[in-house]
Protein chains: 2
Amino acid sequence: MTSTPPIAVVGPVLVIGTGLIGTSIALALTRAGVQVALDDVDAEQLKLAVTMGAGTVLGDAQSQLPPSTIVVVAVPPRFASAVIAQASKDFPTATITDVTSVKSGVLQRAIALGADKYRLVGGHPMAGREVSGAVGARKDLFDDRLWIVSPLSESGASHYENVRNLAITCGAVPIEMSPQEHDEAVALVSHAPQVISSALAAQLLPAHANHIAVAGQGLRDMTRIAASDSSLWVDILSENAGPVSEVISEVVRELQEVLQVLQELAGGDQDHEEIIDATLKAGVKGRARIPGRHGNIEAPFIEVAVLIEDKPGELARLFVAAGDAGVNLEDVRIEHVLGKPSGLVELSVKPEVANDLVHKLSLRGFDVRGSA
Amino acid sequence: MTSTPPIAVVGPVLVIGTGLIGTSIALALTRAGVQVALDDVDAEQLKLAVTMGAGTVLGDAQSQLPPSTIVVVAVPPRFASAVIAQASKDFPTATITDVTSVKSGVLQRAIALGADKYRLVGGHPMAGREVSGAVGARKDLFDDRLWIVSPLSESGASHYENVRNLAITCGAVPIEMSPQEHDEAVALVSHAPQVISSALAAQLLPAHANHIAVAGQGLRDMTRIAASDSSLWVDILSENAGPVSEVISEVVRELQEVLQVLQELAGGDQDHEEIIDATLKAGVKGRARIPGRHGNIEAPFIEVAVLIEDKPGELARLFVAAGDAGVNLEDVRIEHVLGKPSGLVELSVKPEVANDLVHKLSLRGFDVRGSA
């Protein structure tokens, strides 16, 4: 999984911006044997990235940059357009790409500022966690991750190939989407859910502590991303305002349909429970469309629930037992139990091995609460 | 944790309805040495419960039921009111309680049908998972769980005490709420989140598969409960229509405020990003009010991310290493990585032990991706 990918772009590659993503790209390219030049307005971040082995400072390497190289703009969204346009002028034959989490607006503004459309191909590595700064960078941050490659209709084929190969060289799996399609996709799967999570979590602010005390795992899951950095998200949401507002409109419309039926029911009026049922059933089907970890429709895993004591070593004992049983765990959830230190662990496994796992865990003295 | 609780109610207790909850209550009472009589219209479920050691069939025990006993009505919500009223007549001195997940309507209808208000005290054990039938019952299902006890204003003190002690005898932690307060609490923390999760997941139904393919953990978390049984939820939502509609109204109002700003931004109008920021910030604060596993404000745990290979034994090796390090894991998350079999595991630990854990895992050759 962390072996060097078979395809490597021709370097040197210039990475502008040595934060988490930029430095991680530089480290991944260095791992693949590609020469990397680095630039950053923040001299300290730049120095740290060099110290971490991510590459050499641009001033030292610029004169050797061959005309075929790639420039990766990995600066914060608000600076991306200007830096892309400047890079396009400074490196007049290079492929220019970026890593910004919203694409259409950033690329359009870069073009308006003079970026060469033919050499510009947008990019967005789906790199999981938000840990900022070079200090959090890892050479394997993109291993097995999707990397959206967003060519413009004017992008040249060789420049598109360069960015695809850049993603592959970094260990990622490239997936092509137009800038508009990218923005619609992330609005649906990331940006709108963020707003909805925040709007729900905001209802907890004026609530009685007693009411919140009975919260279970459902509310915790629904509000986890609401804890995210709000200033970062204001920028992202504002930048992708159109696509996000379309998804939220649809969710609001769906909620209002349910709301009307609930209000009629509460008022003792004729009920239309089939409307509630339709939303719930659509939700069941929509949820089932989220791909499983192997890129297919989510497999109907069986959940085996085990009650374990809250002390060091208990989870280890459980997973050793599961490992000894030869069962691969598809997912693990730990339920938080209020008031007392104890925990229900749910192990998701393939249906055909569930009974065997239940049996073997029980033999080891585990408190298996059955499977479902 | 599974030791016999110190307080035991005076038996025998009659449990009507030998599904998951009823049979689990009977098993928990039996564990505590309390004599239990069982009744169910479903002879097969009843027989299974008896076979599991949950108690004796009512017909065999009825004549010995002393006047001080408790009747627990654990039937599906749509039958609860009638069964409560009938039990109140059949056992004219007993404390009558139930386990229905919505309280006001069920109790009011039971009273309208002739139940004695003085002896009626509602109950709702917060028993986590939905696994139906006696077959899924466990004597420790309620251990360390909250059990909401909902007296009417007319409920007698001794009957209230009986239901409190019933909860404690079953291993649970009783918490008092009026029926109305109970319904508002579960609307906020459970019922409205269910509708919102479904409404969001419903948007995935018409979406392009490519768009859904880029989904991360956020969308998975937000839509997990959308996979729940829709027919069960139609009943619950209809029964608690008033309180649920109030929470959803507020969420819709919050979403519409954000939506208006986003639509203005998308149209190029003057922006009011501070309105988006206010919702996001309220979400951060609201989320922080959800109690941690020890009943306090959620501790600011550090997440240590480790990339492990997707094969049997790897999780075991990780947790053995964590156990050997003497570190207690507060939570575990496994990120699903699309396309390739690999997994990022996030271990939540107390801040003071994070560095030590990172160090010890790295020494064992684990691919630790840093902590945050």
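Everything numeric in this text was worked out from a predicted model, so none of it was measured.

This part takes up the overall build of chain A. Looking only at helices and strands, one finds 14 helices and twelve strands in chain A. By residue count, 58% of the 372 residues in chain A fall in the buried class. Across chain A, every contact between residues at least 6 apart in sequence was considered, and the portion connecting residues at least 24 apart equals 70%. Just so you have it, chain A exposes about 14,100 Å², and 53% of that area is on carbon and sulfur atoms.

Turning next to the packing of aromatic side chains. All names here are of chain A. Scanning all chains against the criterion turns up three aromatic pairs over all chains. Geometrically, the ring pair formed by F142 and W147 is tilted, given 5.2 Å between the ring centres and 55° between the ring planes. What makes F142 buried here is its relative accessible area of 0%. Residue classification places W147 among the buried positions, given a relative accessible area of 1%.

Okay, the sheet that holds strand β2 (residues 36-39) of chain A next. Residue and element names in this part refer to chain A. In space, the five strands of this open sheet follow the order β3-β2-β1-β4-β5, with parallel pairing throughout. A strand with exactly one partner marks an edge of an open sheet, and here the two such strands are β3 (56-57) and β5 (95-98). Lying on the sheet, helix α6 (residues 157-169) is in contact with β1 (13-16), β4 (70-73) and β5; it crosses β5 at an angle near 50°.

On to a nonpolar patch on the surface. Judged by side-chain polarity, L48, M52 and V135 of chain A come together as a nonpolar surface patch covering roughly 240 Å² of accessible area. In this structure V135 of chain A comes out as exposed when scored by relative accessible area, which is 63%.

If you look at the interface, chain B gives 140 residues, while chain A gives 140 residues. Here chain B meets chain A over a buried area of about 12,500 Å², counting both sides, of which 65% is carbon and sulfur. Our enumeration of links across chain B and chain A arrives at four salt bridges. As a salt-bridge pair, R138 of chain B and D367 of chain A come within 2.5 Å of each other at their nearest N and O atoms. Our count for the contact surface shared by chain B and chain A stands at 22 residue pairs in polar contact (both at pLDDT 80 or more). A total of 18 residues in the side of chain B that touches chain A trace back to one element, the largest contributor, which is helix α11 (residues 241-266) of chain B. Classifying every residue of the side of chain B that touches chain A by side-chain character gives 71 nonpolar, 36 polar and 33 charged.

Where helix α2 (residues 43-51) of chain A starts, the residue carrying a side-chain oxygen 3.0 Å from the main-chain nitrogen of E44 of chain A turns out to be D42 of chain A. Positioned one or two residues after α2 of chain A, G53 of chain A has a phi angle of 85°, which is positive.

Time to look at the sheet that holds strand β4 (residues 70-73) of chain B. Residue and element names in this part refer to chain B. The parallel open sheet is built from five strands, whose spatial order is β3-β2-β1-β4-β5. Of all strands in the sheet, those with a lone pairing partner are β3 (56-57) and β5 (95-98), marking the two edges. Alignment of strand β2 (residues 36-39) against β3, held across two bridges, turns out to be parallel. The residue of β3 that forms the bridge with L38 is V57.

Taken as a whole and judged by the stated rule, the model has 30 salt bridges over all chains. Residues R78 of chain A and D235 of chain A are paired through a salt bridge, measuring 2.7 Å at the closest nitrogen-oxygen approach. Here R78 of chain A, found in helix α4 (residues 77-90), pairs with D235 of chain A, found in helix α10 (residues 230-239); they are 157 residues apart in sequence, far enough to count as distant. Given the relative accessible area of 63%, R78 of chain A is considered exposed. The exposure class assigned to D235 of chain A is partly exposed, which follows from its relative accessible area of 29%. For K281 of chain B, the salt bridge identified is with D277 of chain B, shortest N-O distance 2.6 Å. Taken together, the residues K281 of chain B and D277 of chain B, both in helix α12 (residues 273-288) and four residues apart, mark about one turn of the helix.

As a packed pair, helix α7 (residues 179-202) of chain A and α11 of chain B sit with axes 9 Å apart at the nearest point and diverge in direction by 135°. Between α7 of chain A and α11 of chain B, the interaxial angle falls into the category oblique. Classified by chirality, the crossing of α11 of chain B by α7 of chain A is right-handed. Each of V195, I196, A199, L200 and A202 of chain A in α7 of chain A lies in contact with α11 of chain B, whose residues at this interface are V251, E254, L255 and V258 of chain B. Looking at the contact of α7 of chain A with α11 of chain B residue by residue, the classes come out as eight nonpolar, no polar and one charged.

On to unusual backbone geometry, then. Residues and elements named next belong to chain A. That bond from G11 to P12 is cis: its omega, -5°, falls within 30 degrees of zero. Turning to its location among the elements, P12 is positioned in the segment before β1. Positioned with a positive phi, D144 is a non-glycine residue whose angle comes to about 65°. Among the structural elements, D144 can be located in the loop between β6 (121-125) and β7 (146-151). What makes D144 buried here is its relative accessible area of 6%.

In this section: the environment of L29 of chain B. Residues and elements named next belong to chain B. With respect to the helices and strands, L29 occurs in helix α1 (residues 20-31). Residues L29 and G133, spaced 104 residues apart in sequence, show a C-alpha to C-alpha distance of 18 Å. If sequence neighbours within four positions are ignored, L29 has contacts with V9, V13, V34, V36, L166, T169 and C170.

Mapping chain B onto chain A calls for a screw motion: a turn of 180° about the axis and a shift of 0.1 Å along it, with 0.2 Å RMSD after fitting. Here the copies are linked by what is in effect a two-fold axis. A high fraction, 99%, of the interface residues of chain B reappear at the interface in chain A, so the copies pair face to face through one surface.

The next thing to look at is the confidence of the model for chain A. Residues and elements named next belong to chain A. Of the residues in chain A, 88% reach a pLDDT of 70 or more, and the chain-wide mean stands at 86. When mean pLDDT is taken per element in chain A, β5 scores highest with 98 and strand β10 (residues 331-336) scores lowest with 66. The model gives residues 1-5 a pLDDT under 50, and that stretch makes 17 contacts with residues more than four places away or in other chains. Confidence over residues 293-298 falls short of pLDDT 50; this stretch has 26 contacts with residues more than four positions distant or in other chains.

Criteria and thresholds
Residues numbered from 1 in each chain as written. Chains lettered and ligands numbered in written order. Predicted model: local features only at pLDDT ≥ 70, side-chain atom pairs only at ≥ 80, totals over all residues. Heavy atoms only, no water. Helix = DSSP H or I, 4+ residues; strand = E, 2+ residues; numbered from the N terminus. Buried < 20%, exposed > 50% of the residue type's maximum accessible area, 1.4 Å probe, protein only. Contact = heavy atoms within 4.5 Å. Areas by Shrake-Rupley, 256 points an atom, 1.4 Å probe, with all protein chains shown as cover. Phe/Tyr/Trp six-rings, centres within 6.5 Å; stacked < 30°, edge-to-face > 60°. Pairing = 2+ DSSP bridges. Axes fitted to C-alpha atoms, helices over the stretch in contact; angles between N-to-C directions. Patch = residues over 30% accessible without salt bridge, like charges linked within 9 Å, V, L, I, M, F, W, Y side chains within 5 Å. Salt bridge = Lys/Arg side-chain N within 4 Å of Asp/Glu carboxyl O. Buried area = accessible area lost by both parts, 1.4 Å probe. Polar contact = N/O pair within 3.5 Å; in protein donor to acceptor, adjacent residues only side chain to side chain. Nonpolar A, V, L, I, M, F, W, Y, C, P; charged D, E, K, R; others polar. Parallel < 35°, antiparallel > 145°, perpendicular 65-115°, else oblique. Left-handed = near helix turned anticlockwise from the far one by under 90°. Least-squares fit on C-alpha atoms with pLDDT ≥ 70 in both. pLDDT = per-residue confidence, 0-100.

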